[in-house]
Amino acid sequence: MTDPTTVAAMRFGYGLPLPQGAPTTPDAMLAALSGPDVAAKTWPGLGLAQVLGPRQNAEASRAAARALRDLADQHDAAREQYRTDLRVVNDQATRSAQVTFARAVGSPDGFRERLVAFWANHFTTVARFRLDGAMPSALVEDAIRPHVAGRFADMLRAATLHPSMITYLDQGLSIGPNSPIGLKRKRGLNENLARELIELHTIGVDGRYTQTDVRQMAELLTGVVFDASKGQVFDTKWAEPGAETVLGKTYAGDGEAPILEVLDDLAVRPETARHLAHKLAVHFVGDDPDPALVAVLAQSWEDSGGDLAAVYGALLDAPQAWDAPLTKARQPYDFLVASLRALGLGGEDMLDFADNPFKRMVLGPLKVMGQPWQTPRGPDGWPEVDTAWISPQGLAARISWAMTVPGRLVTPMPDPETFARNSLGPLAGERLLWAVERSESIREGVGLVLASPEFNRR
Amino acid sequence: MAMNRRFFLRGAALMGCSVAAHPLMSTVTLAQGGPGFGDNRLVVIILRGAMDGLDAVQPLADPLFATYRPTLGVDTGATDLDGYFALHKDLGGLNDLWAKGELGFAQAVSTPYRDKRSHFEGQDMLEAGTGMDVPLNKVKDGWLNRMVGAVPGMSAETAYAVGREALPLLDGAAPVRNWTPDLKLDLSAQSQLLLEQIYHDDPLFRDSATEAMELAAEMALGADNALPAPSDPAARKTADVDTLVDFAADRMKGATRIAAFSLSGWDTHRSQAGAIPQSFQKLERMILRLRDALGPDWGKTTVLAMTEFGRTVAENGTRGTDHGTGGLLITAGGAVRGGRVMGRWPGLDEAALYDRRDLMPTSDVRSWAGWAMRGLYGFDPALLERTIFPGMQLGDDPRLIL
């Protein structure tokens with residue numbers, strides 16, 4: 001059995017060597033979580049407050065450029081302005097990616113970063129338009145980080161009502177058919193967010209719900225719209241009048257109150273508890289988790305009313321969390337973070353990357369490994385199962401990165417055998433150590449360690 | 001332990017626990033009278049995100065269509081197919097195929113999946129090829145893999161999953177290959193040997209690495225006989241499609257008989273008229289490029305493009321469509337008997353709709369695939385109904401294949 005410190009590093013963090021001051025016991029890990037978000041302070045991110053302005057500027061200059069399409073002399077200048085404004089948005093998006101890497105690579109509290117990544121994936125949003133490039137990270141900043149060890153209901157409210165979610169799942173265009181705007185424009189519902197809220201974010205596809213629940217939820221959500229200057233607002237003119245019944249309970253009243261009420265109810269339903277207990281167990285422990293572990297987590301969810309710190313406590317108290325073999329595949333993002341950390345890079349290094357090298361050595365490879373940054377195929381986020389990642393294509397991309405990129409990042413390269421022991425501790429297998437000794441160059445020796453099964457599982 | 005699934009299955013196949021021992025194997029008769037898959041090629045395209053079949057093949061002759069779709073169903077510019085249905089204008093490049101009988105459609109098809117309308121469950125069921133009686137998480141292989149496994153004497157080269165994305169359709173016991181043509185893997189001989197050593201005890205890594213190294217070596221050795229890169233800007237948009245198709249076609253001119261792709265971009269909840277053209281253009285390109293790249297082998301090729309479910313008959317409040325039920329199957333290739341819109345058309349009267357909102361499914365998409373496989377490779381109906389598509393009923397022969 002692997003020693004608890006190594007398990008803490010691999011299963012609940014971004015691997016070895018453990019950063020200075022890293023908590024490794026359940027109590028210390030929970031204490032760190034309930035303390036201040038040091039990583040967010042050290043490497044500040046961009047929330048809605050920072051990204052709305054540039055987004056609005058770009059939107060305005062785009063409109064101006066379009067309006068001047070027929071005036072050749074002015075059109076060029078207007079288009080140039082749009083390009084300049086769009087570059088600010090793009091830079092923010094890249095900056096947010098760098099900040100995310102900085103915190104994961106640099107923070108001593110790896111568990112917090114892993115949890116943020118877990119919930120960010122749970123509430124996946126994708127920027128479908130270039131203008132929205134910095135929005136998905138803003139959702140993580142505003143809705144996930146502040147609540148990562150708080151009440152799930154608060155995270156659910158914040159994520160559901162975040163402009164990035166409203167935009168991604170088309171809520172901003174869903175109109176109550178009998179609302180003032182709906183009657184005037186003869187337009188109506190879009191059930192995208194309503195469905196995923198039930199199916200993915202809360203009770204899960206195995207929960208007992210019907211198309212009618214989805215429809216009623218869609219009606220209930222009308223009025224939630226995105227305002228380019230203010231962010232999320234509730235607009236009564238869009239809202240379907242009257243009460244709606246979702247999962248057997250009737251929600252009535254004006255404004256946002258009934259929406260907040262349904263979100264609070266969903267957050268503590270037993271189906272939600274089971275769905276998310278299972279998802280947490282799959283993510284942290286194994287693709288086919290012990291049903292007893294899932295039951296314990298679900299129970300703590302129910303007992304605590306969806307207090308995430310309590311659920312994490314139950315997870316860290318469970319023997320399976322420490323005894324189960326480390327069989328999960330690190331996803332490409334985890335693999336890169338763990339590799340960069342193991343190579344000795346820190347948070348500041350992630351921010352010091354110039355734009356192009358960061359894209360060439362980090363974001364580009366992420367895509368080739370099968371996990372293009374913040375663009376999973378759908379709102380269900382990334383798959384968990386190891387076969388989804390350790391495919392011939394995916395593994396070839398990891399080997400390729402391991403053999404070529406580290407040499408460009410660190411000089412001098414570490415001694416491969418020391419590197420193996422530092423980054424894998426007791427997990428470094430005999431075959432790996434045997435092979436590392438026989439590699440033809442330091443570059444290849446380090447590459448073998450990073451490409452090894454030990455390094456790619458957690 | 002989950003990590004061992006793939007190894008276990010592959011390992012079993014490698015160790016000679018041959019599929020030929022399957023009790024139903026003796027009933028397989030093979031097309032072309034020879035062993036293996038003969039010359040017939042099958043390409044399966046999974047259209048992820050629920051393609052709107054009513055936009056692809058529009059029932060323009062039904063006046064109700066325009067009332068359900070006041071913006072999406074009028075002045076669509078679609079080309080008439082058979083006096084009732086018309087082909088979306090952004091699939092217009094396929095009209096020649098239609099005229100030659102190399103393109104057909106089946107309307108109102110579905111998997112057995114009902115009611116929850118989840119993309120993710122819908123795709124799982126589409127690729128598992130099972131019914132509502134089997135929990136999806138219990139199905140560990142895909143129907144196309146089971147088909148490959150049902151033929152003795154195939155090699156790993158027989159079937160390819162092409163692209164970066166997983167294609168569960170081809171997962172399973174029968175050895176198949178997974179590759180994406182835009183990957184390079186330059187390794188020294190020594191590194192390759194050492195990697196083989198460190199992967200020795202982890203079957204998932206071992207199998208993936210072995211396949212990757214073999215393919216990378218082949219790719220490096222292989223002559224570049226791809227079609228020239230497109231020069232016009234419209235075609236450049238589909239360059240990624242071309243790369244995938246050229247790779248697959250190149251393989252299929254060799255020993256490969258089965259290929260599978262994914263094509264995403266169909267979840268058109270809003271402003272569908274602006275969003276769906278580029279997806280149609282990619283699909284059109286995929287089919288036409290395949291025809292061009294396969295050359296004479298196109299005559300022995302069948303393409304099946306299928307999606308997890310259709311979309312609502314009525315457009316929604318945002319000029320898009322929401323998740324529905326009955327959808328569309330597209331068949332193409334020199335081997336198909338096309339020029340027809342097949343399937344029992346249920347009509348658009350509200351009472352005829354599923355849940356009063358979706359096109360009523362009138363046939364199982366699996367039965368069409370089943371008839372295609374039977375036509376191409378001579379599979380016995382019992383094998384199709386029990387092993388490849390458990391619980392499926394073939395029904396009447398639509399005579400899909402020439």
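Residues numbered from 1 in each chain as written. Chains lettered and ligands numbered in written order. Predicted model: local features only at pLDDT ≥ 70, side-chain atom pairs only at ≥ 80, totals over all residues.

1. Details of unusual backbone geometry
Here A:L16 and A:P17 are connected by a cis peptide whose omega angle stands at -5°. Mapped onto the elements, A:P17 comes out in the loop between α1 (4-12) and α2 (26-34). Residue A:T411 is joined to A:P412 through a cis peptide bond whose omega torsion reads -10°. Of note, A:P412 is situated in the loop between α23 (406-409) and α24 (416-424). Unusually for a residue other than glycine, B:D75 sits at a positive phi of about 50°. Within the element layout of this structure, B:D75 appears in the loop between α3 (63-68) and β3 (79-80). (Helix = DSSP H or I, 4+ residues; strand = E, 2+ residues; numbered from the N terminus.)

2. Here we look at the interface of chain B and chain A
Each side of the interface is counted separately: chain B has 48 residues, and chain A has 49 residues. Looking at the side of chain B that touches chain A, the elements with two or more residues in it are α5 (119-128), β7 (177-179), α7 (189-198) and α8 (203-221) of chain B. When residues of the side of chain B that touches chain A are assigned to their parent elements, the largest contribution, 8 residues, is made by α8(B). In terms of residue class, the side of chain B that touches chain A is made up of 19 nonpolar, 16 polar and 13 charged. (Contact = placed C-beta atoms within 7 Å. Nonpolar A, V, L, I, M, F, W, Y, C, P; charged D, E, K, R; others polar.)

3. Comments concerning the pairing of strand β8 (residues 258-264) of chain B
Successive side chains on a regular strand alternate, one facing one side of the sheet and the next facing the other. Residues and elements named next belong to chain B. In terms of burial, β8 is a largely internal element, 6 of the 7 residues being buried. Sheet topology places strand β1 (residues 41-48) next to β8; 7 bridges connect them, and they run parallel. Within the sheet, the bridge partner assigned to V43 lies in β8 and is A259. As paired strands, strand β6 (residues 159-162) and β8 are joined by 3 bridges and run parallel to one another. Pairing of A159 across the sheet is with I258, part of β8. (Buried ≥ 20, exposed ≤ 12 C-beta atoms within 10 Å, placed from the backbone. Pairing = 2+ DSSP bridges.)

4. Brief notes about the environment of B:L215
By the secondary structure assignment, B:L215 is in helix α8. Here the alpha-carbon distance between B:L215 and B:E196, two residues 19 residues apart in the chain, equals 15 Å. Look past the residues within four positions of B:L215 in its chain and what remains in contact with it is A:P392, B:R177 and B:W179.

5. A word on the nonpolar core
One finds A:I144, A:L297, B:I45, B:V162, B:A260 and B:L329 to be the most contacted residues of the largest nonpolar core, which totals 254 residues. Sort the elements by how many residues they give to this core and helix α5 (residues 72-106) of chain A lands first, with 10 residues. (Core = buried A, V, L, I, M, F, W, Y, C linked by C-beta atoms within 7 Å.)

6. Observations concerning the sheet that holds β3(B)
All names here are of chain B. Reading across the sheet, the 3 strands line up as β2-β4-β3 and stay open at both edges, with antiparallel pairing between neighbours. Every other strand in the sheet has two partners, leaving β2 (57-58) and β3 as the edge strands with one partner each. Summarising the sheet, β2 and strand β4 (residues 86-87) pair through 2 bridges and their orientation is antiparallel. When the bridges of β4 are listed, Q58 appears paired with A86.

7. Section: helix α25 (residues 430-437) of chain A
Looking at α25(A), one finds that the buried residues are A:L432, A:A435 and A:V436. Burial along α25(A) is one-sided: seen end-on, the buried residues are contained in an arc of 100°. Structural note: α25(A) exposes A:E430, A:W434 and A:E437 on the side pointing more than 90 degrees away from its buried face. Its buried side turned inward, α25(A) meets α24, α26 (442-451) and α27 (453-456) of chain A together with α7 of chain B. (Arc of directions from axis to C-beta.)

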